[in-house]
Structures are given as structure tokens and as C-alpha cells.
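What follows is the residue order along each chain.
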Amino acid sequence: MSLKKNIVFAIIGLFVLFSGFVMAETYVVGTSAGFPPFEYVENGEVVGFDIDLLREIGKLKGFDIEVKDISFDSLIAALKSGNIDIIAAGMTITDARKEVVDFSIPYYSANQSVIVQNDSDDDITVLFGNHKIGVQTGTTGDLWVTETLKDKGILTGEIKRYDTFVYVINDLVNGNLDGVVLDTPVAKRYSEIKPVNIVAEIITGEEYGIAVNKGNTELMNKINEGIEELIENGTMDQLIAKYF
Ligand code: ARG
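Every value quoted in this text rests on a predicted model; they were computed, and no experiment measured them. (Residues numbered from 1 in each chain as written. Predicted model: local features only at pLDDT ≥ 70, side-chain atom pairs only at ≥ 80, totals over all residues. Heavy atoms only, no water.)

### Some thoughts on unusual backbone geometry
Most peptide bonds take the trans configuration, and most residues that are not glycine carry a negative phi.
Piece 1. Of note, the bond from Pro36 into Pro37 is cis; its omega dihedral lies within 30 degrees of zero at 0°.
Piece 2. Examined against the element boundaries, Pro37 turns out to sit in the loop between strand S1 (25–31) and strand S2 (40–42).
Piece 3. The phi dihedral of Asn43 is positive, around 50°, even though this residue is not glycine.
Piece 4. Along the chain, Asn43 falls in the loop between S2 and strand S3 (45–47).
Piece 5. Assessed through its relative accessible area of 79%, Asn43 is described here as exposed. (Helix = DSSP H or I, 4+ residues; strand = E, 2+ residues; numbered from the N terminus. Buried < 20%, exposed > 50% of the residue type's maximum accessible area, 1.4 Å probe, protein only.)

Given below as C-alpha cells:
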């Protein structure tokens, strides 16, 4: 082998070795936008608290993220099938979900709220009788309205289920819904940016976690350590101040 060839091989070898060191792993983060301030679309890009949180964890733990916006109801299936690596979607840690995915330590607490149109006189009684209530499919709000109200005959009207809260809120504002049940922090944000009002809070005591596939302890450890470090170094407080 000529010297020239040797040098070329050596350079290629070094390049391969070096790129292994510098190329950070990229994880695909699944979310469901329309859930401000956790995830929403701004200038065609999905941004929000959850996205920044994952980005900051990635900075500490040496990974990049790519964000995929899908319907909330499809997130767990997408994780299971390997389409995404992480769910960051203001997802409540529940026993049922814990059977199929692993959750990080909690990073945010929330209850459910009832919102109505600004000019409506409805109060919490909008949940009783013949009213149309909107929810996002598969959310804890959906489950609560279904199990606590509809199945017990307290709500005799229709539950309308949507893929994204953007459409839920639109239908409420357009008068196609009487009320909507959704997470309090998001209800608060919508009441600031849309003509809707919070009329009641349901104390469900939920906690949000980041989810990964069952048994993916390597990634879960990175995420948990990341959250802890962000709390310790003050970045978590900065993110909260930025978004809330
Ligand atoms: N916390 C609720 C749940 O886990 C609602 C989450 C909805 N998230 C979203 N990104 N749209 O069911």
C-alpha cells in the first residue's frame, strides 16, 4: 500500500472515530401541540415549556431532539412502535398508563378546569344535564367527563372528542360547545388569549411526567437526572418564569 493510500485510510479512520464522539444522539420527542404553554405552534414551529425542558435535558445529557406533533391519543402507540422515543406532552402519570410506559419523576402539577364562552352565564352546572361538553380524546379530562358525568347519567348531553385543543377551543368560541374540560394551566392560558372563562376547578391532583418505553432505563435515567439537575441549577425556575 502506498503512503498516500495509508494517509487517506488514516484520515478516514480518524474521521469515523471523531464523528462518533461529536455526533450526539438524536431522540424523537412526540408531543401534541395546542396545549399552551406546554406545547403550541408559533411561526410554524412547535415550541413550549415541554420542548424547552427536553432541549435543556439534552444539553446536560448530550443528546439532540427532533419534535413530532401528533394527536395526543396516538402518542403511546407511537412510542410503543418506535416512531418516537420520548413523550413530552403534559401527560399525567396515571396507573393505567404506567402499565404500558415508564414515567419520569413528576415535573408539573395540575387539576382540571371547566371553561365556557366569555358571554355565557353558565357555571359549573354546565356539566349537568343536556349540554355539549368538549374534550381532547384520551386525556384525563376526557376520562373524567366520561366516567364521572356521562356514565353516571349526570351529563345527559353529548361529549364531543377532538384530536387537538385548538379545535375544541374554536368550537367553544363558535358556540358549538357549551363547555370544555381541560387541564387548569392550559385553561388559564386560553382564558388570556381567547374569549373564554374558567368557571370551576375540579381538584384531580395530577402530575405530569415524561414517558419512555417500558424498560428503557438508560434514557429514563438521563431524563430523571436531567430534571433533577435543572431544578438544582435554577433552569427549571427560569423555564417556569418564561412560560407561566
Ligand atoms: N394532562 C392530560 C392528560 O394526560 C392532558 C394532556 C394533553 N396534552 C397535550 N399535549 N395535548 O391526559
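### Some points on the site of the ligand
Piece 1. Not every one of the 14 residues close to the ligand is listed here, only the nearest: Ala89, Thr92, Arg97, Thr140 and Asp183.
Piece 2. One of the side-chain nitrogen or oxygen atoms of Glu39 is found 3.0 Å away from a nitrogen atom of the ligand.
Piece 3. A distance of 2.8 Å is found between a nitrogen atom of the ligand and a backbone nitrogen or oxygen belonging to Ala89.
Piece 4. Protein coverage of the free-state accessible area of the ligand, which is 350 Å², stands at 100%.
Piece 5. Of the residues belonging to the shell around the ligand, the class tally is five nonpolar, six polar and three charged. (Near = heavy atom within 4 Å. Polar contact = N/O pair within 3.5 Å; in protein donor to acceptor, adjacent residues only side chain to side chain. Areas by Shrake-Rupley, 256 points an atom, 1.4 Å probe, with all protein chains shown as cover. Nonpolar A, V, L, I, M, F, W, Y, C, P; charged D, E, K, R; others polar.)

### Overview of the sheet that holds strand S6 (residues 101–103)
Piece 1. Strand order in the open sheet formed by five strands is S4-S1-S5-S12-S6, and the pairing between neighbours is mixed. Each end of this open sheet is capped by a strand with a single partner; those strands are strand S4 (63–69) and S6.
Piece 2. Two elements, strand S5 (residues 86–87) and strand S12 (residues 211–213), share two bridges in a ladder whose sense is antiparallel. Each residue of the ladder has a partner; that of Ile86, found in S12, is Val212.
Piece 3. The strands that helix H2 (residues 49–61) touches are S1, S4 and S5; relative to S4, the one it contacts most, it runs at about 160°. (Pairing = 2+ DSSP bridges. Contact = heavy atoms within 4.5 Å. Axes fitted to C-alpha atoms, helices over the stretch in contact; angles between N-to-C directions.)

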